[in-house]
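Per-entry structural report
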Amino acid sequence: MTMQYRQLGRTGLRVSNFTLGTMGFGGTGWATPVGTIDVAGAREQIAIARDAGVNLIDTADVYSAGLSEEILGEALGADRDEVLIATKVRMPMGDGPNDAGLSRHHIIRGAEASLRRLGTDYIDLFQLHEWDGQTPLEETLTALDDLVRSGKVRYVGCSNYAAWQLMKALAISDARQLERFASTQVFYSLQNRDIEAEIVPLAIDQGIGILVWSPLAGGLLSGKYRRGVQAPPGSRHLSDWDEPPVNNEDKLYDTIELAVKIGESHGVSAARVSLAYLAQKPAVTSLVVGARTPEQLRDNLAAADLELTADEIAALDDASGEPLRYPFWHQAKTSADRLGPADLSQIARHLG
């Protein structure tokens, strides 16, 4: 398998362009529809991923209330130093008033708890799982900087930040010479390409790596969900799972049918086509793929070997795209002679 390794933002760290996701490790509570993978199953998935060339594994403290981290740590055992571990902090980990958020208290306590559960003395990439509009960014970023200086964390990133929130954090880090975000982990798929408007241009301009969560839109783009076809029993979207929201079902089905058609021409699944499409998009560093079964994981990782043609990417762009928002349609009309690489990441295909 031809795995690529890409620089994580402006750092010197090289990560595989596919990342093993572990939300299904443990799979208790709200995470049950994603998978119920025990230690033995985790070892099998890690082996499959490493054989394919994956060197980054993503988890979070909130996945199954810490059980995902525990299973990951036990499954890796003595091989911990052979991979990169990314985890996250921010979500509620208890009922107390300080058991959530991005205060110094919760960040440092969360990092230390993750280290214990993972059975390691350092976290390769420590990510802020979600925005906290009630804690000063200076407090949050200083806490992260302290963790890096202490050796407990090596790189920091964020997740689910709006472009203005991310840019504000970068400005504070730069002004105060604090550790800068290396990456942002965001939702991006053929089902929803919202990040192309603001986040992708920012990432290109500021040298931020993009890690993509749910690149198959929670399985919607796997090929199981098709117009007029009943999904197999146990499929996630036959349960109460509601991420991502589907606002235009006809458009989604049209996109899926095109992915299926392109897949048939290559002799591969619609899932591989959907993943290969994202892997060829600007600023994308790595796709976080998780699976309930070894077969699903192997198929997803095999997308590393699929290169779509420019015509196929253009067709998928057209099927899944949205009209340019303001001010971008106006810039395309009046400023095309003075646009830079960040601007062109979304505007180029709309130019005549």
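For the structure itself, look to the data block above.
Residues numbered from 1 in each chain as written. Predicted model: local features only at pLDDT ≥ 70, side-chain atom pairs only at ≥ 80, totals over all residues. Heavy atoms only, no water.

1. Side note on unusual backbone geometry
Put simply, the rule reads: By definition, any uninterrupted DSSP run of H or I lasting at least four residues is a helix, any uninterrupted run of E lasting at least two residues is a strand, and each is numbered from the N terminus. The cut-offs for exposure are 20% and 50% of the maximum accessible area for each residue type, with area from a 1.4 Å probe on protein chains only; residues under the lower value are buried, those over the upper are exposed, and the others partly exposed.
Geometrically, the link from Tyr326 to Pro327 is a cis peptide bond, its omega value of 5° lying close to zero. Checked against the element boundaries, Pro327 lands in the loop between helix 10 (310-320) and helix 11 (328-334). At Ser214, a position not held by glycine, the phi torsion is positive, near 50°. By the secondary structure assignment, Ser214 is in the loop between strand 9 (209-213) and helix 7 (249-266). Classification of Ser214 by relative accessible area gives buried; the value is 19%.

2. Observations concerning helix 8 (residues 270-279)
Burial analysis of helix 8 places nine of its ten residues in the buried class, the great majority of the element. For helix 8, every residue scored as buried is listed here: Ala270, Ala271, Val273, Ser274, Leu275, Ala276, Tyr277, Leu278 and Ala279.

3. Some remarks on the nonpolar core
Heads up, the condition is: What makes a nonpolar core is a set of buried Ala, Val, Leu, Ile, Met, Phe, Trp, Tyr and Cys residues whose side-chain atoms join them at distances within 4.5 Å. Every residue pair with non-hydrogen atoms within 4.5 Å of one another is taken to be in contact.
Judged by nonpolar contacts, the single largest core of 92 residues is most densely connected at Phe18, Ile107, Phe126, Leu128, Phe181, Leu301 and Leu308. Excluding residues that lie within four positions of it along the chain, Phe18 makes contacts with Met3, Val54, Leu275, Ser286, Leu287, Val289, Asn300, Leu301, Ala303 and Ala304. If you look at the next biggest cluster of nonpolar residues, it comprises nine residues, including Leu8, Val15, Leu84 and Ala86.

4. Remarks on the pattern of salt bridges
When the charged atoms of two side chains lie near each other, side chains of opposite charge can form a pair. How we decide: Salt bridges are counted wherever a side-chain nitrogen of Lys or Arg sits within 4 Å of a carboxyl oxygen of Asp or Glu.
Under the defined criterion, the tally for this structure stands at 19 salt bridges. For Asp317, the salt bridge is made with Lys281, and the minimal N-O distance between the two is 2.8 Å. Separated by 36 residues along the polypeptide, Asp317 in helix 10 and Lys281 in the loop between helix 8 and strand 10 (284-289) bring together distant segments of the chain. Each member of the pair, Asp317 together with Lys281, is buried. Salt bridges sharing partners connect three or more residues here, namely Arg193, Glu196, Lys281 and Asp317.

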